[in-house]
Amino acid sequence: MTIKALLLNCDGTVFDSDIIYHQLWHSVLDDLGLQLDFADYARHLLGMSIPRQVATIVRQFALAINPQVLTSIYNHRLKLHLQQQSIPLVEGVLQTLHFCRHHNITLALVSNSDKATVLSGLYWHRLADYFAVIVTGQDTPHSKPAPEGYQLALTALGLQSRDCLAIEDSANGIKAAQAAGICCAGLNRRYWYDHASDIDINTDINKSIDTGMANADWIVSKHSDIRQHLLQQLAA
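One structure accompanies this document, and this report is about it. (Residues numbered from 1 in each chain as written. Predicted model: local features only at pLDDT ≥ 70, side-chain atom pairs only at ≥ 80, totals over all residues. Heavy atoms only, no water.)

**Remarks on the packing of aromatic side chains**
Where two aromatic rings form a pair, the distance of their centres and the angle of their planes describe that pair. The tally for this structure, following the rule as stated, stands at two aromatic pairs. The interplanar angle of 15° and the centroid separation of 4.2 Å between the aromatic rings of Trp-25 and Tyr-74 together place this pair among those described as stacked. Of this pair, Trp-25 sits in helix H1 (residues 18–30) while Tyr-74 sits in helix H4 (residues 67–84), and the two are 49 residues apart along the sequence. Like Trp-25, the residue Tyr-74 is buried in the burial classification. (Phe/Tyr/Trp six-rings, centres within 6.5 Å; stacked < 30°, edge-to-face > 60°. Helix = DSSP H or I, 4+ residues; strand = E, 2+ residues; numbered from the N terminus. Buried < 20%, exposed > 50% of the residue type's maximum accessible area, 1.4 Å probe, protein only.)

**Some words on the sheet that holds strand E3 (residues 133–135)**
The six strands lie next to each other as E3-E2-E1-E4-E5-E6, forming an open sheet whose pairing is parallel. Each edge of the sheet is formed by a strand with only one pairing partner; in this case those strands are E3 and strand E6 (218–220). Shown here is a sheet whose adjacent strand axes are inclined to one another by a mean of 25°, direction ignored. As paired strands, strand E5 (residues 183–187) and E6 are joined by three bridges and run parallel to one another. Across the sheet, Ala-185 pairs through a bridge with Trp-218, a residue of E6. Where helix H7 (residues 148–157) meets the sheet, its contacts fall on strand E1 (5–8), strand E2 (106–110), E3 and strand E4 (164–168), and the angle it forms with E3 comes to roughly 160°. (Pairing = 2+ DSSP bridges. Axes fitted to C-alpha atoms, helices over the stretch in contact; angles between N-to-C directions. Contact = heavy atoms within 4.5 Å.)

**Describing H4**
Think of an α-helix as 3.6 residues a turn; residues three or four steps apart then line up on the same face. Across its 18 residues, H4 extends 26 Å between first and last C-alpha, which sits within 8% of the 26 Å expected from 1.5 Å per residue. When we look at burial in H4, the residues that qualify are Leu-70, Tyr-74, Leu-78, His-81 and Leu-82. One side of H4 carries all its buried residues, which in axial view fall inside an arc of 100°. Pointing more than 90 degrees away from the buried face of H4 are the exposed residues Gln-68, Lys-79, Gln-83 and Gln-84. Next to the buried residues of H4 lie H1, helix H3 (50–60) and helix H6 (115–124). (Expected span 1.5 Å × (residues − 1). Arc of directions from axis to C-beta.)

**Regarding the packing of helix H5 (residues 93–102) against helix H11 (residues 223–235)**
Their axes nearest at 8 Å, the elements H5 and H11 cross at an angle of 20°. As summarised for this structure, H5 and H11 are arranged roughly parallel, according to the angle between their axes. Viewed along their axes, H5 and H11 form a crossing whose handedness is left-handed. Between H5 and H11, the residues in contact are Val-93, Gln-95, Thr-96, Phe-99 and Cys-100 and His-223, Arg-227, Leu-230, Leu-231 and Leu-234, respectively. (Parallel < 35°, antiparallel > 145°, perpendicular 65-115°, else oblique. Left-handed = near helix turned anticlockwise from the far one by under 90°.)

**Digging into unusual backbone geometry**
Put simply, Lys-144 and Pro-145 share a cis peptide bond, and its omega is 20°. Mapped onto the elements, Pro-145 comes out in the loop between E3 and H7. At Arg-126, a position not held by glycine, the phi torsion is positive, near 60°. Tracing the backbone through its elements, the reader meets Arg-126 in the loop between H6 and E3.

These results come straight from atomic positions and should not be treated as a statement about function.
What follows is the structure, encoded as structure tokens:
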């Protein structure tokens, strides 16, 4: 397989955002007298769009609150956070972007997140010019695990699914890429969480992560593994 394009998920693959998103949801729910630990976040909310996260939270906690109100509260806190500081990059992603540019591998971003959040992070880190195509959660009627985002990216790129490789870090993202016919590598979150000093990784979280990765075509632990795979493809 000659890889002509690398299609990256945004949160957890480009931006190291999951811990921050959990902290924001923890803050919102704490104000309602509720607790959301990281294990429950990892198990139930990772890889979801904000509307799906809200629907899941309302159902899980049996909340008598308008989902639009809860969405507005969360989005307001996210906006305040982004005004003060950007979400950091996943370790090694910048080198992967440089690698692809150097070897003429086209880059696309396929995200469940809203356009303002995605573009804010890209512009903050000056990464927008790396991507020939950017698809966000507002560009398709259905979020991952539906394949529409990847299908839209393929159309915009003018490529077939066999020409591309997707990188995802959640079960929903892997399902979406594969449903679009794209080979998908799973970027295993355990590597990042094992190196996050402020997160207590327990067996339940690791089991959830491993289950989410189970259907990937292959699994990598870090971005250097992705570059090594691409290098092998280029040398073949």
